[in-house]
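Remarks on the overall topology
What follows is each chain in one-letter form.
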Amino acid sequence: QPAATGFIQDGSQLARVQAGILGSIDSFAQSPQESLNYVECHDNHTLWDRLNLSAPQASQAERQQMARLAAFLLFTSQGVPFFQSGQEFYRSKGGEDNTYNLPDAVNMIRWREKQQHLELVRYYQGLIQLRKAHPMFRLKTATQVRSGLTWSQAPEGCLAYTLKHPGGEDSWTAAHLLINPSAQKQTFTLPAGQWQLYVDGQQASSQAMGKTYQGRVTIPGRCGWLLAQTR
């Protein structure tokens, strides 16, 4: 159903998103390495086209926020992330779905769009660098995931969790992730201590942004934040 909505559009399917964050170890996978995670693939609509179809009432800026939230979820979840070429700059196939039999005019990669949407490209690059730098996002067994990931209390319809590497094989002692799919800003309570910001709704980096938080934090709508404590 092309017009069907999900978590990034309206906060629905929350339990299924939680299952995906865990690498599907409580559904079909014996380990997170058996879970291939994606929000767009070649045989379906691009993510941007699906957002246009499913959230026509939203502004372009709001749909761009949804696309960034989808990327945040993809690269911070356990499992193997997969993304399609052009997804990192809002690629469109003109609203077409399975385009195996359509011409280059539909399927071509329009590289000028990379320049037009360089902020999203850099957001993807930051998420990829962060994932590669921290093994806690690439846990290998279901036991490690169950030991390393702890859900936290969050505002209704939102998600929050703390992630650690059970074997201590990470330069961070812990990461704390805040996920707000609603259109309104939401306030979360952080675990004890000071937390440095690495990802917000606009930027992602493997280097701390120089912003430190403790106690409570309010984040914008349709946004994912990643904070961490270092050794």
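Residues numbered from 1 in each chain as written. Predicted model: local features only at pLDDT ≥ 70, side-chain atom pairs only at ≥ 80, totals over all residues. Heavy atoms only, no water.

Of all the five residues making up strand β4 (residues 159–163), five are buried; the element is thus mostly covered by neighbouring parts of the structure. Burial along β4 is two-sided: the residues L159, Y161 and L163 and A160 and T162 are all buried. Bridge analysis of strand β3 (residues 149–151) against β4 gives three bridges, and the strand direction is antiparallel. Across the sheet, residue T150 finds its bridge partner in β4, namely T162. (Buried < 20%, exposed > 50% of the residue type's maximum accessible area, 1.4 Å probe, protein only. Helix = DSSP H or I, 4+ residues; strand = E, 2+ residues; numbered from the N terminus. Pairing = 2+ DSSP bridges.)

Among the nonpolar cores identified, the biggest contains 44 residues, and I8, F72, F137, W172, I179, V199 and L226 are the most heavily contacted of them. Counting residues per element, this core draws most heavily on helix α4 (residues 60–76), at nine residues. The residues contacting W172, other than those within four sequence positions of it, are L130, H134, M136, F137, Y198, L226, A228, Q229, T230 and R231. Membership of the second largest hydrophobic core comes to 13 residues, among which are A160, A174, F188 and W195. (Core = buried A, V, L, I, M, F, W, Y, C linked by side-chain atoms within 4.5 Å. Contact = heavy atoms within 4.5 Å.)

Below, the discussion takes up the sheet that holds strand β7 (residues 195–199). Taken in spatial order, the six strands of this open sheet run β3-β4-β5-β10-β7-β8, and their pairing is antiparallel. Edge positions in the sheet fall to β3 and β8 (212–213), since each of these pairs with one other strand and no more. Examined bridge by bridge, β4 and strand β5 (residues 172–180) share five bridges and lie antiparallel to one another. The residue of β5 that forms the bridge with T162 is H176. The strands touched by helix α2 (residues 14–21) within the sheet are β3, β4 and β5, with β4 carrying the most contacts at an inclination of about 15°. (Axes fitted to C-alpha atoms, helices over the stretch in contact; angles between N-to-C directions.)

What follows deals with the environment of Q129. Structurally, Q129 is set in helix α7 (residues 118–133). On the basis of relative accessible area, Q129 is assigned to the partly exposed category, the value being 44%. Linking Q129 and M209, residues 80 residues apart in sequence, is a C-alpha distance of 14 Å.

A few words now on the pattern of salt bridges. Under the definition given, this model contains two salt bridges. In this structure, D26 engages R146 in a salt bridge whose closest nitrogen and oxygen atoms are separated by 2.8 Å. Taken as a pair, D26 in the loop between α2 and β1 (36–37) and R146 in helix α8 (residues 142–148) lie far apart in primary sequence, 120 residues in all. Its relative accessible area of 57% is what places D26 among the exposed residues. For R222, the salt bridge goes to E62, with nearest N and O atoms at 3.7 Å. Of this pair, R222 sits in the loop between β9 (216–219) and β10 (223–230) while E62 sits in helix α4, and the two are 160 residues apart along the sequence. You can call R222 buried: its relative accessible area is 12%. (Salt bridge = Lys/Arg side-chain N within 4 Å of Asp/Glu carboxyl O.)

With that settled, consider the packing of helix α3 (residues 47–54) against α4. Look at α3 against α4: their axes get within 10 Å of each other, and the N-to-C directions meet at 130°. Taken together, the axes of α3 and α4 are oblique relative to one another. Helix-helix and strand crossings are classified by hand; for α3 and α4 the assignment is right-handed. Only Q60, R63, Q64, M66, A67 and A70 of α4 make contact with α3, whose side of the interface consists of L47, W48, L51 and N52. Grouping the amino acids of the contact of α3 with α4 by side-chain chemistry returns six nonpolar, three polar and one charged. (Parallel < 35°, antiparallel > 145°, perpendicular 65-115°, else oblique. Left-handed = near helix turned anticlockwise from the far one by under 90°. Nonpolar A, V, L, I, M, F, W, Y, C, P; charged D, E, K, R; others polar.)

All right, on to a nonpolar patch on the surface then. Together, L36, Y38 and V80 make up a nonpolar patch on the protein surface, roughly 280 Å² of accessible area in all. When you line up the elements, L36 lands in strand β1. (Patch = residues over 30% accessible without salt bridge, like charges linked within 9 Å, V, L, I, M, F, W, Y side chains within 5 Å. Areas by Shrake-Rupley, 256 points an atom, 1.4 Å probe, with all protein chains shown as cover.)

With that out of the way, let us pick up the state of the cysteines. As used in these notes, a disulfide is a covalent bond between sulfur atoms, one from each of two cysteines. Scanning the entire structure with this criterion turns up zero disulfides. Considering cysteine sulfurs only, C158 is the nearest to C223, which forms no disulfide, with 11 Å between them. (Disulfide = S-S within 2.5 Å.)

Angle between the axes and distance between the axes: these two values describe a pair of packed helices. Where α4 contacts α7, the two axes come as close as 10 Å, and the packing angle between them is 15°. One finds that α4 runs roughly parallel with respect to α7. By crossing handedness, the relation of α4 to α7 is classed as right-handed. Contacts between α4 and α7 involve R68, A71, F72, L74, F75 and T76 from the first element and L120, Y123, Y124, L127, I128 and R131 from the second. Classifying every residue of the contact of α4 with α7 gives nine nonpolar, one polar and two charged.

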